[in-house]
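These are the residues of each chain, in order.
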Amino acid sequence: MEYSCRAYELRCNECGKRFGNRPQSACDECLAPLEVKFDLDAVRGRFTRETVSAGPASIWRYKELLPIPEGFQPDLPVGFTPLTRAKNLGKRIGATNLYVKNDAVCFPTLSFKDRVVSVALANAQAFGFTTVGCSSTGNLANSVAAQSARLGLKACILVPADLEPAKILNTQVYGAHLVRIDGNYDHVNRLCTLIADEYGWGLVNVNLRPYYAEGSKTYGYEIAEQLGWKLPDNVVVPMAGGSLIRKIRKAFNELIALGLVEDKPVRFFGAQATGCSPISHAVKQGWDYIEPQRPNTIARSLAIGNPADGPAAAKMIAQNGGYAEDVSDVEVVSGIQELAETEGIFTETAGGVTTAVTARLYSHGRIGADETTVICITGNGLKTTDALEGRFRQQRAVKPRLSEFDDYIRETDPALVGGLEQELELAGGAR
Ligand SMILES: Cc1ncc(COP(=O)(O)O)c(C=O)c1O
Ligand SMILES: [Zn+2]
């Protein structure tokens, strides 16, 4: 269950011990997390602006900097999602140079987790696993289920029992075995650590975690490339385990080291829900350790009370001059609506967190109005519609006659009719 590779291998984050390539996530000397380390000189000539832009419109255009075992032929068009200017949202919150990186439309399961899963499963196959799985707050479950189905791998997926119904359905439809655990995510994750050893399964965010996490770098490569090979001033990122935010930083570092972008200060802002905010709390306190919390928030995809990469994320945010904020569940729902109403993007609760935190950062003056800021929208609103339950009244059904419609629209939305009559007058029409 090992393979060798010239370009990358696992290295301990703390003591530097080298591990080659194998399914392992913690150092056996000091218990610190392992991380994939690339020999950047080995890929220097093969990873340039030209080779990247000649590649496919997916994360595989960056494959030279992804831990993909030799012989793996990637063919799923994962990632390369839109980066769009957010002028309307910007106007509302006082930002003139705001962008949305929209992984609500990531292929194939509508969250950024598709990026990490495709890299993890390539390694699962190389290590010879025939059964894969994960512990998940929902989006990871969906993606492992979908991608393992396509690769012909068996999947066993563990989630907290109280997950949103759409995220449960979105896992089962692919034929994966879904196990609901009577507990929160941290209980699920601890159980998965034991299962990986006992059953010999490839669990993408447990024993395959170092490979899985590298997939998030593509989110950062895309931001830089889509800004015209430039780094932004700020990035606002939702945090659960704390992996994505660190990997965007790592992606920027690699692009700088390889000369694809110019070095400049970039501040990272972490976003959490107040009901589960161990990382933002640590950042506000100036800690480089995490005090675990018991999650209680509608932002279930971010509800990790004891985040594996929390300490490292808190440290990175502080080192880069950024900050972290958290918002109430009421603000999360407003954030979802605000992004939908201004930019036409329907995000899930995690995106509501990110949008609401971004608004707070501008209003508190932590981000200047004209700085280039990218907000990371990482999941799709159709998966968490229960968060909006009761927000919109269902009106009575209207008979299919113009007179009925006239009565109805005057009764329910007179302002709409006022506009219509004015338009008809302008057009010289009569009524
Ligand atoms: C939609 C969404 N956004 C962000 C995150 C946070 O990612 P990370 O665990 O890498 O901090 C998750 C994690 O589950 C998620 O589902
Ligand atoms: Zn070590």
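Residues numbered from 1 in each chain as written. Chains lettered and ligands numbered in written order. Predicted model: local features only at pLDDT ≥ 70, side-chain atom pairs only at ≥ 80, totals over all residues. Heavy atoms only, no water.

Section: the sheet that holds strand S2 (residues 18–20)
As summarised here, the arrangement of the 3 strands in space is S2-S1-S3, forming an open sheet in which the pairing is antiparallel. Because the sheet does not close on itself, it has two edges, and the strands there are S2 and strand S3 (34–38). Neighbour-to-neighbour, the strand axes of this sheet turn through a mean angle of 40°, independent of strand direction. Of the strand pairs in this sheet, strand S1 (residues 8–12) and S2 are connected by 2 bridges, and their pairing is antiparallel. Directly across from Arg 11, in S2, lies its bridge partner Arg 18. (Pairing = 2+ DSSP bridges. Helix = DSSP H or I, 4+ residues; strand = E, 2+ residues; numbered from the N terminus. Axes fitted to C-alpha atoms, helices over the stretch in contact; angles between N-to-C directions.)

Some details on the site of ligand 1
Lining the immediate environment of ligand 1, one finds 16 residues, of which Asn 139, Gly 241, Gly 242, Leu 244 and Thr 378 sit closest. Within the backbone of Gly 242, one N or O atom sits 2.8 Å away from an oxygen atom of ligand 1. Taking Ser 301, its main chain carries an N or O atom lying 3.2 Å from an oxygen atom of ligand 1. For ligand 1, whose accessible area on its own is 390 Å², the fraction buried by protein is 97%. Among the residues making up the shell around ligand 1, the classes are represented as 7 nonpolar, 7 polar and 2 charged. Both domains that meet at the shell around ligand 1, namely domain 1 (83–109 + 216–388) and domain 2 (113–210), each give it at least three residues. (Near = heavy atom within 4 Å. Polar contact = N/O pair within 3.5 Å; in protein donor to acceptor, adjacent residues only side chain to side chain. Areas by Shrake-Rupley, 256 points an atom, 1.4 Å probe, with all protein chains shown as cover. Nonpolar A, V, L, I, M, F, W, Y, C, P; charged D, E, K, R; others polar. Domains from an automatic or database assignment.)

Describing the coordination of the zinc ion (ligand 2)
All of the protein donors around the zinc ion (ligand 2) are Cys 12 (SG), Cys 15 (SG), Cys 27 (SG) and Cys 30 (SG); their distances to the metal are 2.2 to 2.3 Å. Of note is the zinc ion (ligand 2), whose 4 donor atoms meet at the metal with angles of 97 to 123° in an arrangement that counts as tetrahedral. The exposure class of Cys 27 is buried, given its relative accessible area of 1%. (Donors = N, O, S within 2.8 Å, 3.2 Å for Na, K, Ca; no water. Tetrahedral: all angles 85-135°; square planar, octahedral: opposite > 155°, others 65-115°. Buried < 20%, exposed > 50% of the residue type's maximum accessible area, 1.4 Å probe, protein only.)

A short note on the sheet that holds strand S6 (residues 131–135)
The strand order across the open sheet formed by 4 strands is S8-S7-S6-S9, and the pairing between neighbours is parallel. Unpaired on one side and paired on the other, strand S8 (177–181) and strand S9 (202–203) mark the two borders of the sheet. With 5 bridges joining them, S6 and strand S7 (residues 154–160) adopt parallel strand pairing. By the bridge assignment for S7, Cys 134 is matched with Ile 157.

Concerning the pairing of S8
Sheet topology note: the S7/S8 ladder contains 5 bridges and is parallel. Looking at the pairing, Val 159 lines up with Arg 180 of S8. The parallel pair S7 and S8 is bridged by helix H6 (residues 165–172), and the resulting crossover is right-handed. (Right-handed = clockwise from strand over helix to strand, strands pointing away.)

Brief notes about the pattern of salt bridges
Under the criterion given, the structure shown has 32 salt bridges. In this structure, Arg 46 engages Glu 64 in a salt bridge whose closest nitrogen and oxygen atoms are separated by 2.9 Å. Residue Arg 46 is located in the loop between helix H1 (40–43) and helix H2 (49–53), and its partner Glu 64 is located in the loop between H2 and strand S4 (83–85); the two are separated by 18 residues in the primary sequence. Arg 46 gets classed as partly exposed once you look at its relative accessible area, which sits at 37%. Glu 225 is the partner of Arg 61 in a salt bridge, and the nearest nitrogen-oxygen pair spans 2.6 Å. Placement of the pair is Arg 61 in the loop between H2 and S4 and Glu 225 in helix H9 (residues 217–226), with a sequence separation of 164 residues. By relative accessible area, which is 11% here, Arg 61 ends up buried. A residue is classified by how much of its surface remains accessible, and Glu 225, at 12% relative accessible area, is buried. Within the structure, one salt-bridge network assembled from shared partners comprises Glu 35, Arg 209, Glu 214, Lys 217, Arg 246, Lys 247, Lys 250, Glu 254 and Asp 309. (Salt bridge = Lys/Arg side-chain N within 4 Å of Asp/Glu carboxyl O.)

A look at the nonpolar core
Counting residues in each nonpolar core, the largest one holds 109 residues, and the members touching the most others are Ile 157, Phe 252 and Val 353. At 7 residues, helix H14 (residues 349–363) tops the list of elements feeding residues into this core. Residues from two domains meet in this core; each of domain 1 (83–109 + 216–388) and domain 2 (113–210) gives at least three. Those residues in contact with Ile 157 that sit more than four places away from it in its chain are Gly 133, Cys 134, Ala 141, Val 144, Ala 145, Thr 171, Ala 176, His 177, Leu 178 and Val 179. (Core = buried A, V, L, I, M, F, W, Y, C linked by side-chain atoms within 4.5 Å. Contact = heavy atoms within 4.5 Å.)

A word on a nonpolar patch on the surface
A surface patch of nonpolar side chains, amounting to about 270 Å² of accessible area, comprises Val 398, Leu 402 and Phe 405. By the element assignment, Val 398 lies in the loop between strand S13 (373–377) and helix H15 (402–412). (Patch = residues over 30% accessible without salt bridge, like charges linked within 9 Å, V, L, I, M, F, W, Y side chains within 5 Å.)

Here's the deal with helix H10 (residues 243–257)
Taking 1.5 Å as the rise per residue, H10 with 15 residues should run 21 Å; its terminal C-alpha atoms sit 21 Å apart, in good agreement. With respect to burial, H10 is a largely interior element, 12 of its 15 residues being buried. Listed as buried for H10 are Ser 243, Leu 244, Ile 245, Arg 246, Lys 247, Ile 248, Arg 249, Lys 250, Ala 251, Phe 252, Glu 254 and Leu 255. Backbone geometry just after H10 places Gly 259 at a positive phi near 80°. (Expected span 1.5 Å × (residues − 1).)

Regarding the domain arrangement of the protein
Per the domain assignment, the segments of the protein are domain 1 (83–109 + 216–388), domain 2 (113–210) and domain 3 (396–431). Domain 2 and domain 3 are separated by 52 Å when their C-alpha centres are compared.

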